[in-house]
There are 2 protein chains.
Amino acid sequence: MSNVKKIIECVPNFSEGRDLEKIEKIVSPFRGKDGVKLLDYSRDEDHNRLVVTVVGEPEAVKNAVIEAMGVAVEVIDMTKHQGQHPRMGAVDVVPFIPVKNVSMTEAVELAKEVAKEASEKYGLPIFLYEKAATNPTRENLANIRKGEFEGMVDKIKQADWTPDYGPAEIHPTAGTTAVGARMPLVAYNVNLNTNDIEIANKIAKNVRFLNGGLRFCKAIGIELKDRGIVQISMNMTDYTKTALYRAFELIRIEARRYGVSIVGSEIIGLVPMEALIDTAVYYLGVEDFSMEQILESRMME
Amino acid sequence: MSNVKKIIECVPNFSEGRDLEKIEKIVSPFRGKDGVKLLDYSRDEDHNRLVVTVVGEPEAVKNAVIEAMGVAVEVIDMTKHQGQHPRMGAVDVVPFIPVKNVSMTEAVELAKEVAKEASEKYGLPIFLYEKAATNPTRENLANIRKGEFEGMVDKIKQADWTPDYGPAEIHPTAGTTAVGARMPLVAYNVNLNTNDIEIANKIAKNVRFLNGGLRFCKAIGIELKDRGIVQISMNMTDYTKTALYRAFELIRIEARRYGVSIVGSEIIGLVPMEALIDTAVYYLGVEDFSMEQILESRMME
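The following paragraphs examine the structure supplied in this document. (Residues numbered from 1 in each chain as written. Chains lettered and ligands numbered in written order. Predicted model: local features only at pLDDT ≥ 70, side-chain atom pairs only at ≥ 80, totals over all residues. Heavy atoms only, no water.)

1. Notes on the overall build of chain A
Just so we agree on the cut-off: Secondary structure is summarised from DSSP: a helix means a run of H or I of at least four residues, a strand means a run of E of at least two, and numbering begins at the N terminus for each. Exposed residues in this analysis have more than 50% of their type's maximum accessible area, buried residues have under 20%, and partly exposed residues fall in between, with area computed by a 1.4 Å probe over protein chains only. A contact between two residues is defined here by any heavy atoms of the two lying within 4.5 Å. Using a 1.4 Å probe, the Shrake-Rupley method yields the accessible areas, and only the shown protein chains count as cover for residues. Here Asp and Glu are counted as negative and Lys and Arg as positive; His is not counted, and neither are the chain ends. Lys charges are placed at NZ, Arg charges at CZ, Asp charges at CG and Glu charges at CD.
What chain A contains, in helices and strands, is 9 helices and 11 strands. Counting only residues that meet the buried cut, chain A has 54% of its 301 residues in that class. For chain A, the proportion of contacts with a sequence separation of at least 24, taken over those separated by at least 6, is 71%. Total accessible area on chain A stands at roughly 13,100 Å², and carbon and sulfur atoms take up 46% of it. Of the side-chain charges in chain A, 37 are positive and 44 negative, and the distance between the mean point of each set is 3 Å.

2. With respect to the environment of Val36 of chain B
By secondary structure assignment, the location of Val36 of chain B is in strand β3 (residues 36-44). When the C-alpha atoms of Val36 of chain B and Ile8 of chain B are compared, they prove to be 9.7 Å apart, with 28 residues separating the residues in sequence.

3. Some thoughts on the sheet that holds strand β10 (residues 229-236) of chain A
Residue and element names in this part refer to chain A. Our working definition: Paired strands, in this sense, are two strands between which DSSP finds at least two bridges. Under this scheme, a helix contributes an axis fitted over its contacting stretch, all axes are lines through C-alpha atoms, and angles between N-to-C directions fall in the 0 to 180 degree range.
Ordered by their spatial adjacency, 4 strands build an open sheet running β9-β10-β8-β11, and the pairing between neighbours is antiparallel. Here the strands that pair on one side only, and so sit at the sheet edges, are β9 (217-224) and β11 (262-268). Sheet twist, expressed as the average angle between the axes of neighbouring strands with direction ignored, equals 20°. Alignment of strand β8 (residues 186-192) against β11, held across 6 bridges, turns out to be antiparallel. Following the sheet pairing, Asn189 is matched in β11 by Glu266.

Below you can see the structure in the form of structure tokens.
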């Protein structure tokens, strides 16, 4: 019986969304390994990008990720890559996410180990980002990636943009990579019974961090044209500090001033159970609840 | 990598809550076995009773339970047993509960296998109950157990009370046992800001099945004297059909007519995550949500 089993998640993004043979090769290091569970991989032809979701024991996940990075460096040629999603390398970005019994400090440590080993093995320049960033300018992935693959040739030679690991020049075919650590993202959208995008935009501004709203909430207004309604589309960047229900209730309050109401919401992709348990505990006003009371939580110990 | 891993829960109740040495012997078959996880065991001296909670693969759990039943038959002497909780045997009751990728039909099948094997091995008369019951009179455990250990000597000889397995007479020291299958119970209590027990009793009647309320809800009113408030204490007997939030909202509606309101609620012991996810999905109005979106759910596959 194992005690305190550590579980980390990794969501590497690779710049290949079309060639199924190459995709299978990149994914294969995540299959059939003890301590590694491939939860999902999805490719997008327009983005020309592959997003893999894997969980497991930190050491086992680390080794599988490094192996897959090597495959991607080998099979992807960025000089020929086109796609709608911004990208700067064959292995574009590798975030590590603490799931169970892993601290953010440990996730950052793991990101650094992966960055170091992969840069040495494959001659890849690697930037650390988000919680692993070595300076504030590098926290935001968009800042690092600005200029994309084509622009990185020169950018990487600037004093400000020396990579954290590896050579100060791009890999000729694999470009550059960002490796980091972050909290789990929850993609959470709230739908309103209006087709007025201005209302959605105003509410999005009120709830998001950028304009004075909730600390761990990014939000934009979007139109759902086929349904004739608008949506507040959010990324909850730390549900342990900015709870889903808080964003939901804030949207409800803001919507009221426009005579508009919430018609429903959506959770896109995976969500850690705690994000929803937390919400249930709030609405039911449960006193003294502990996550240890969740049957499934005990089963994973 | 295993596909579709089946997980069953078993919560056997043994008639020993005082002798720690005997308790350790009874619990020991659940320790250190592949495919079996001992989640909890708690004894109560007044009840003189031990409740074990174990989960795991059906076959492994079955074998461990049969082994523990054997130990209990050996170490417990019902002719000397006294305690506040009703009981009819050394192994008083053994419910199997589907947790993941197990149907109720499979849980019933497992209960029957355990009943058959244990009755043959230990000469125990065994009744099947709840979902495993062979007739409606035996669905309710209280009906079977009525008369308790002392009364079973004669009761078991009546035509109506021939056991489903084993001899038609009690085991001289271990009495009789009930083995069955049921949905997970959720012990859920809602607190009101009044000390008037009559209000709690009336609301309990309105929400419980017995008096015309929710199908899978048992409820009583109780006083929390130290806090000066009352509580609707509930057993939710199938949260997949009678959701927790429905009982909560119904209590809120009923409380309103007495000018009383809910001050909080409590979940006692373990709760399957789905019972709370379901509640969060309701309050947030999440559209098209699937349990497969829960990260932890995917990790256990």
